[in-house]
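Now for the letters of each chain:
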Amino acid sequence: MSLTADEMWARSSFLTRLVASSATISEAAGDIIKAVMTDGDLKVINKSAVGQPIDVQTEADRAAQYIIEKSLQLKFDNKLTIIGEEEVTSEVERRESGFSTDVLALEDRLPAEFKAIKPEDVVVWVDPLDGTSEFAAKSRGREPKLNQVTVLIGIAYKNRAIAGVVHQPYYNGTESRTVVGIVNTGVIGLNVISQFDEKVVVTTASHSTDAVKKAIEALEKANLADRIEKVSGAGFKVLKCLEGATAYVFASHGCKKWDTCAPEALLVAAGGTLTDISGRPITYAANVQHPNTGGVLATAPTVNHDSYVNAIPDDVKAFLPETPVVTSKQ
Ligand SMILES: Nc1ncnc2c1ncn2[C@@H]1O[C@H](COP(=O)(O)O)[C@@H](O)[C@H]1OP(=O)(O)O
Ligand SMILES: [Mg+2]
Ligand SMILES: [Mg+2]
Ligand SMILES: [Mg+2]
């Protein structure tokens, strides 16, 4: 006899409940993102300091951050440590209290260690809208590639990314999809490709630097990159690595912990790997500095991660040090 949704919730551990709620909340955030786009006034601001490269934020980033944080804290009695890209400023009335029964069905496969996780053991890393430069492309006179926009909710335990929700509001035009992964448990929402006819390496479309170019050239020389695809968003690039690309390489430090936590967990759950450019694991402790100072290197399932790490030139690695863990607030 199959269980009702409420019965599935009642028998589930905290982690499965958190991921199941995050999946549905990411979809509510996706609805809000689409509503802002339909409304047409993105209310774009530049977050960066004077003299720094432009770093845009829109009303969709702000409103999506708001609904995600408020809904998660309401559902879990304000017990969560949430670190989000944006401040919780743009009020949205809606609270999402639903959850995905597809995610709750993973409960039986959850490792015993994960079943014992409590709210105070986790850090939730939220990027309410990854790929803002695409979302806001029209403000700079360019047609946006909206399928590159994602909502990212990542869960870290003992400093490691263990569960991730990657929601694509415009997966297929206006149709959305939600992809979820829990490490050592499973992936739902996408068919993982792990055989490759050619080595496609994805990298940044909007934040290229000399080091980024040098890393890519070295991979080409080592026959590890037959074709380069420049696309936006850390979430979208990791989805690419699950659907035919071999690697995601970003030898720069603009990408932050909320960009990589959910994608890393999803990729690792599928059998892939995500580290910094030197092969060091990325730490998601609550007191870690936010920028991924060591860059990002992700490889698809069945790909030899070390071969990519080894091909990155030493001077590029030296330029991208490991992220320090700090005790003071940043
Ligand atoms: N220099 C930077 N300044 C701000 N955000 C950055 C920078 N570089 C990367 N990011 C964030 O990392 C993501 C992946 O980078 P890229 O698309 O260049 O590969 C971007 O979508 C952006 O996230 P967000 O859109 O959430 O601000
Ligand atoms: Mg941003
Ligand atoms: Mg981002
Ligand atoms: Mg963002």
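Predicted model only: the values in this text are computed from it and were never measured.

So, how was this worked out
- Residues numbered from 1 in each chain as written.
- Chains lettered and ligands numbered in written order.
- Predicted model: local features only at pLDDT ≥ 70, side-chain atom pairs only at ≥ 80, totals over all residues.
- Heavy atoms only, no water.
- UniProt positions renumbered as here; feature names shortened; annotations may be inferred.
- Helix = DSSP H or I, 4+ residues; strand = E, 2+ residues; numbered from the N terminus.
- Buried < 20%, exposed > 50% of the residue type's maximum accessible area, 1.4 Å probe, protein only.
- Contact = heavy atoms within 4.5 Å.
- Pairing = 2+ DSSP bridges.
- Axes fitted to C-alpha atoms, helices over the stretch in contact; angles between N-to-C directions.
- Phe/Tyr/Trp six-rings, centres within 6.5 Å; stacked < 30°, edge-to-face > 60°.

**Student:** Summarise the UniProt feature "binding site: Mg(2+)" (unreviewed entry) in the chain; cite the residues concerned and give the values.
**Tutor:** Those places that UniProt annotates as "binding site: Mg(2+)" (unreviewed entry) correspond, in this numbering, to Glu85, Asp127, Leu129, Asp130 and Asp259. These annotated residues cover 175 residues of sequence, and their C-alpha atoms lie no more than 9.5 Å from one another, placing them together at a single site. Tracing the backbone through its elements, the reader meets Glu85 in the loop between strand E3 (81-84) and helix H4 (101-104). Its location among the elements puts Asp127 in strand E4 (residues 122-130). When its relative accessible area of 0% is taken as the criterion, Asp127 is described as buried. Those residues in contact with Asp127 that lie beyond four places of it in its chain are Glu85, Thr150, Val151, Leu152, Trp258 and Asp259.

**Student:** Before we move on, could you go through the sheet that holds strand E5 (residues 150-157) and cite the residues and values that matter?
**Tutor:** Overall, mixed pairing links the six strands, which are arranged E3-E4-E5-E6-E7-E8 in an open sheet. Single-partner strands in this sheet number two, and they are E3 and strand E8 (186-188). The mean inter-strand angle of the sheet, taken between neighbouring strand axes irrespective of direction, is 15°. Inspection of the sheet shows strand E6 (residues 160-172) paired to strand E7 (residues 175-182) by seven bridges, in the antiparallel sense. If you follow Val166 over to E7, its bridge partner there is Val179. Of the strands in this sheet, E4, E5, E6 and E7 touch helix H2 (residues 14-39), which is tilted by about 30° from E6. Against the sheet, helix H9 (residues 257-269) engages E3, E4, E5, E6, E7 and E8, with an angle of about 95° to E6.

**Student:** I'd like a description of the packing of aromatic side chains, backed by residues and values.
**Tutor:** As enumerated under the stated definition, the model contains five aromatic pairs in all. Residues Trp9 and Phe76 carry aromatic rings whose centres are separated by 6.4 Å and whose planes lie at 40° to one another, so their mutual orientation is tilted. You can see Trp9 sitting in helix H1 (residues 5-11) and its partner Phe76 sitting in the loop between helix H3 (59-75) and E3, a full 67 residues away along the chain. Using a relative accessible area of 17% as the deciding quantity, one classes Trp9 as buried. Owing to a relative accessible area of 7%, Phe76 belongs among the buried residues under this scheme. An angle of 70° between the planes, with centres 6.3 Å apart, marks the rings of Trp125 and Tyr284 as edge-to-face.

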